Amino acid sequence: MKVMVIGGGGREHAIIKALKKNPTVETIYCLPGNGGIAADAVCVNIGAKDIPAQVTFAKENGIDYAVVAPDDPLALGAVDALTEAGVPCFGPNKAAAIIESSKAFSKDLMKKYGIPTAAYETFTDLDAALGYIEKCDIPVVVKADGLALGKGVIIAQTRDEAREAVRSMMEDKIFGDSGNCVVVEEFLTGPEVSVLSFTDGETVVPMVSSMDHKRVGDNDTGLNTGGMGTIAPNPCYTEAIAAECMEKIFLPTIRAMKAENRTFKGCLYFGLMLTEKGPKVIEYNCRFGDPETQVVLPLLKSDLLTVMQAVTNETLAETPVEFADESACCVVMASGGYPGKYPTGFPITMKGDAAEHTYVAGAKLSDGVMVTGGGRVLGVTATAPTLKEAIEKAYSRVDNVSFEGAYYRHDIGARALRELEK
Ligand code: AMP
Ligand code: GLY
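Thresholds, definitions, all that
- Residues numbered from 1 in each chain as written.
- Chains lettered and ligands numbered in written order.
- Predicted model: local features only at pLDDT ≥ 70, side-chain atom pairs only at ≥ 80, totals over all residues.
- Heavy atoms only, no water.
- Phe/Tyr/Trp six-rings, centres within 6.5 Å; stacked < 30°, edge-to-face > 60°.
- Helix = DSSP H or I, 4+ residues; strand = E, 2+ residues; numbered from the N terminus.
- Buried < 20%, exposed > 50% of the residue type's maximum accessible area, 1.4 Å probe, protein only.
- Pairing = 2+ DSSP bridges.
- Axes fitted to C-alpha atoms, helices over the stretch in contact; angles between N-to-C directions.
- Contact = heavy atoms within 4.5 Å.
- Polar contact = N/O pair within 3.5 Å; in protein donor to acceptor, adjacent residues only side chain to side chain.

A.B. asks: Go over the packing of aromatic side chains with me, naming the residues and quoting the values.
C.D. replies: A full pass over the atoms with the stated rule returns nine aromatic pairs. Considering the side-chain rings of Phe250 and Phe270, the 4.4 Å spacing of their centres and the 40° angle between planes classify their relative orientation as tilted. Of this pair, Phe250 sits in helix α9 (residues 239-259) while Phe270 sits in strand β16 (residues 266-275), and the two are 20 residues apart along the sequence. Taken individually, Phe250 and Phe270 each receive the classification buried, so the pair is uniform in this respect. Pairwise contacts between aromatic rings join Phe90, Phe198 and Phe288 into one cluster.

A.B. asks: How would you sum up the sheet that holds strand β9 (residues 182-186)? Please name residues and give values.
C.D. replies: The four strands are arranged β6-β9-β7-β8 in an open sheet whose pairing can be described as antiparallel. With one partner strand each, in any of the chains shown, β6 (120-123) and β8 (153-156) form the two edges of the open sheet. Taking the axes of each pair of neighbouring strands and ignoring which way they run, one obtains an average angle of 20° across the sheet. In the packing of helix α7 (residues 126-135) onto the sheet, contacts are made with β6 and β9, and the angle to β6 comes to roughly 155°. Sitting on the sheet, helix α8 (residues 159-170) touches β6, β7 (140-144), β8 and β9, and the angle it makes with β7 is about 5°.

A.B. asks: Give me the side chain of Lys143: which residues, what numbers.
C.D. replies: Looking at the secondary structure, you find Lys143 in strand β7. A distance of 3.3 Å separates the side chain of Lys143 from the backbone oxygen of Ile282, its partner in a polar contact. For Lys143, the residues in contact, after removing those within four places along its chain, are Lys103, Gly152, Val153, Met169, Cys181, Val182, Val183, Glu185 and Ile282.

Here it is in C-alpha cells:
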C-alpha cells in the first residue's frame, strides 16, 4: 500500500513510525514532512494547506490511503477533496472539523446537548463584550473563536486584562478574523487531561490518557508553548472518571455531531479539566494532539493502519484497539530562545538508540545533514513498565541528542509522579 500523511511535525513523525509497522505498507509519503521525517518517509514539497496539489499528487502516485493530521487542512476540507477524488482518508470532513475551528460552535453544541463545560457567552459586538466584562466573575477566560495556533486563549486575572484581551482580539485583530467573534468563559480549576479517541461516528474508543506540559519553564513557569513534553497515562484520570467521561462527554459528543449532520470520523481530542464538579470540556481538537501523539501511539499495541481504516470504513465496533499497560514520556527539545526568537541551522546529532525513539518537528536537511529548523525541534520518548522508568529512560536518551543551544524542561512527568505518590 501507498500511504500519504499530510503535515510535517513531531505528531506526523509518530504517526508515520506507527504506520510503518504494518507489513502491507510499501511507501509512506509525507507532505511536506521535515528533515527528520525524511528518514522514515518520502517527503514531498507540498504544503499542508495546498489541497489541490495534494489531490493531484494522490491521483498521480496511486495513493491508497491518506491521513490528514493538522487542523488547518481539516478545516479547509482536505478530507472532502481527497474522498471525492477516490482516496480513502483518515480525518473528519470540513463540516465536522468545525468542532475545533469554531469555539462558538463547540460551546453552543455543548450547551445544546448538555455536555459539561465552562459557562460562557459569545460576542460578535465589541461593546456587548466589554459590557459583559464589567459584571462577570474574575478571573475570566477570553477566547478567539477561530483557529489561532493555540494562542487564542487569554486568562485574564483582572478586569483590565479582560478588557484589554477583548479589545486586542476584536479591535486590534491580533488573531485576524479569528477574533471577529469571541467567547468569554468561566475560569475553571483542576488537573487537565488530554484524551484522544478514535471514532467512526457511531463508536468512540478512547486512547490512553495523557498530560501535556504547556509552559516553557520548569515547574510550569514562563510563557505558553505548543507543548514542552507529555506523559501517558495521566494518573489523575482514574477508571471512575473515564467511565463518567464516556457517559457524559464522549458518547454525547459523538451523538450530538451526528444529530447535527456533522458525523465526526477520525481522531477526536477531548481537552478536559477535572473540576470539583466533575470533568468538563476545555476544548475539542479535531485531530491528534501534538505532543500527546508522541506518547500515545508508542503505547498502541494494535496496528494503527488497521484501526484508521476501521474508522474510515465505519467498522470500529468490530476492531480491537489495545494499549500496552505501560507508561510513556516525551521530552521536547527546543531551540534556545523559543517561544521567542531563536536562531536555526545547527546540526543535530543523535547517539545510541535515540533516533529510533525521537520524533522530529522542526528540522531541515542541509547537504544531507539534519539541522534545526524550528522552535520545537524534536521530542525524545521512551516507554517502560512504570512512569518513573519511562521518565528516566527518556531523559537518558535526551543526553544522547545534541544541537547548539538545545533547551528542554527537566521536570516532564514530575507532577504526574507526585500525583501517583498521593
Ligand atoms: P485551549 O486553547 O482552549 O486549550 O486553552 C489553552 C489553555 O488555557 C488550556 O489548556 C487551559 O490550561 C487554559 N484554559 C482554557 N479555558 C479555560 C477555562 N475555562 N478555565 C481555566 N483555564 C482554561
Ligand atoms: N497539545 C495540544 C494540542 O495539540 O492542541
